[in-house]
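Commentary on secondary and tertiary structure
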Amino acid sequence: MSLLLDRTIASLRAHHDDLARLVPTLTGEQLAGPSGASEWTVAQVLSHLGSGAEISRKPIAAAAGLPYDDEDNQTVWARWDGSQPGEQASAYVEHDAAYLATLESLTPPQQAGLSVDMGFLPAPVPLLVAVGMRLNEVANHAWDVKVALDPAARLDAEAAAILLELIAGDLGFMLTFSSRPDQVSGPVTVDIPGGGLAIGDSVSVTTGPVVAGAAFDGPQEAVIRLLSGRLRPPYDAGVSVSGHVTLDELRAVFPGY
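Keep in mind that what you see is a predicted model, and the values were worked out from it rather than measured.

1. So, the pattern of salt bridges
- Under the definition given, this model contains 15 salt bridges.
- In this structure, Asp144 and Arg230 form a salt bridge, with 2.8 Å as the shortest nitrogen-oxygen distance. Within this pair, whereas Asp144 is found in helix H7 (residues 127-149), its partner Arg230 is found in the loop between helix H10 (220-227) and strand S7 (240-243), the two being separated by 86 residues in sequence. Side by side, Asp144 and Arg230 carry an identical accessibility label, which is buried.
- Here Glu221 ties to Arg154 by a salt bridge, and the two come within 3.8 Å at their closest N and O atoms.

Below, the structure written as structure tokens:
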């Protein structure tokens, strides 16, 4: 198993354990209240994470020859959408635990050799890509839950470091779908903690030193929140950008999801 895959799975486990401790303490009012995701309540975020765990487990189980429920995605989403907030929260814990149990049951040869058919990508992908996409979803949505309770909450620092490395590598293709490079004029290169952000005809992230015309002053987790559309007021305290692009212009490139 590669070190990066090992770290990614460990981060998913840490996020699960953290949320599994938090979820039972949430009141009905908190579950029904707004989250860091602008259009979702806390319960809806947990529902999204739970249905995502259920759906994401299937192609990994199929690739590994493990049993799974072959329910189509629309049916899964409808079932979750029809559940009550408390049910959504508790079911998230159950289904995310099942997803992780499947991951953690894989032997090192399986982890190295699995080719996972995600269904929406043009070709099957290595396990690292599948679990990296899940970590991107989990880390950002875990922040959505936590910031509803604490406006000063930050995205997990270890997850941010992993995601920066992944987005600079195997997950770089996601920027094609999540960014709007035409929102800035001319090529832009930004020095970010641990690497660089380049915006031209497309958007890319690199690791290591870069020659840049702008600098992002803030923690690495804020960069990941920028890329996912979560670095907005009032959650941008202490973050600034200097040089030939502004923070507002960068935010326009990454509208979020």
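That shown, we press on.
2. Some words on the sheet that holds strand S5 (residues 203-207)
- The strand order across the open sheet built from 5 strands is S5-S4-S3-S6-S7, with neighbouring strands paired in mixed fashion. If you trace the sheet from one side to the other, it starts and ends with S5 and S7, each paired once. On average, adjacent strands in this sheet sit at an angle of 20 degrees to one another, irrespective of strand direction.
- Helix-sheet contacts for H10 involve strand S3 (188-192), strand S4 (195-199), S5 and strand S6 (214-217), and the interaxial angle to S6 is about 110 degrees.

3. Details of the packing of helix H3 (residues 42-64) against helix H5 (residues 85-105)
- Put simply, H3 and H5 touch, their axes get as near as 8 Å, and they point 30 degrees apart. Overall, the two elements H3 and H5 adopt an arrangement that is roughly parallel. In the packing of H3 onto H5, the handedness of the crossing is left-handed. On H5, the residues touching Ala43, Gln44, Leu46, Ser47, Leu49, Gly50, Ala53, Glu54, Ser56, Arg57, Ile60 and Ala61 of H3 are Pro85, Gln88, Ala89, Tyr92, His95, Asp96, Ala98, Tyr99, Thr102 and Leu103.
- For the contact of H3 with H5, the per-class residue count stands at 12 nonpolar, 7 polar and 3 charged.

4. Things to note about the side chain of Ser47
- Along the chain, Ser47 falls in helix H3.
- Among the residues examined, Ser47 registers a relative accessible area of 4% and is labelled buried.
- Those residues in contact with Ser47 that sit more than four places away from it in its chain are Trp80 and Gln88.

5. Some details on the environment of Ser56
- Summarising the element assignment, Ser56 is placed in helix H3.
- For the pair Ser56 and Ala161, spaced 105 residues apart in sequence, the C-alpha to C-alpha distance is 23 Å.
- Contacts of Ser56, omitting those with residues within four sequence positions, involve Tyr99 and Arg134.

6. A few points about helix H1 (residues 3-22)
- For H1, which comprises 20 residues, the first-to-last C-alpha distance of 29 Å matches the rise-based estimate of 28 Å (1.5 Å per residue) to within 8%.
- All of the buried residues in H1 are Leu4, Leu5, Thr8, Ile9, Ser11, Leu12, His15, His16, Leu19 and Leu22. Along the long axis of H1, the arc covered by the buried residues comes to 155 degrees, so they all point the same way. Away from its buried face by more than 90 degrees, H1 exposes Leu3 and Arg21.
- As for H1, its buried residues are in contact with H3, H5, helix H6 (108-113), H7 and helix H8 (157-167).

7. Some thoughts on the pairing of S5
- Summarising the sheet, S4 and S5 pair through 5 bridges and their orientation is antiparallel. Residue Leu197 lies in a different strand from S5, and its bridge partner there is Val205.
- Between S4 and S5, which pair antiparallel in sequence order, lie 3 residues.

8. Quick word on the layout of surface pockets
- Reported here for the largest pocket is a volume of approximately 980 Å³.
- Lining of the largest pocket is provided by 37 residues; of these, His48, Met118, Phe120, Met133 and Glu137 occupy positions nearest its centre.
- Elements with a minimum of two residues in the lining of the largest pocket: H3, helix H4 (73-81), H7, helix H9 (174-178) and H10.
- With 8 residues, the single largest contributor to the lining of the largest pocket is H3.
- Within this model, the second largest pocket holds a volume of roughly 220 Å³.
- The wall of the second largest pocket is formed by 13 residues, among which Ala37, Ser38, Glu39, Gly256 and Tyr257 lie closest to the centre.
- The class makeup of the residues in the lining of the second largest pocket is 4 nonpolar, 6 polar and 3 charged.

What counts, and at which threshold
Residues numbered from 1 in each chain as written. Predicted model: local features only at pLDDT ≥ 70, side-chain atom pairs only at ≥ 80, totals over all residues. Heavy atoms only, no water. Salt bridge = Lys/Arg side-chain N within 4 Å of Asp/Glu carboxyl O. Helix = DSSP H or I, 4+ residues; strand = E, 2+ residues; numbered from the N terminus. Buried < 20%, exposed > 50% of the residue type's maximum accessible area, 1.4 Å probe, protein only. Pairing = 2+ DSSP bridges. Axes fitted to C-alpha atoms, helices over the stretch in contact; angles between N-to-C directions. Contact = heavy atoms within 4.5 Å. Parallel < 35°, antiparallel > 145°, perpendicular 65-115°, else oblique. Left-handed = near helix turned anticlockwise from the far one by under 90°. Nonpolar A, V, L, I, M, F, W, Y, C, P; charged D, E, K, R; others polar. Expected span 1.5 Å × (residues − 1). Arc of directions from axis to C-beta. 1 Å grid on protein atoms, 1.4 Å probe; cavity = no way out; pocket = protein on both sides within 12 Å on 5 of 7 lines; lining within 4 Å. Points joined across faces, edges and corners; volume = space filled by probe spheres on them.

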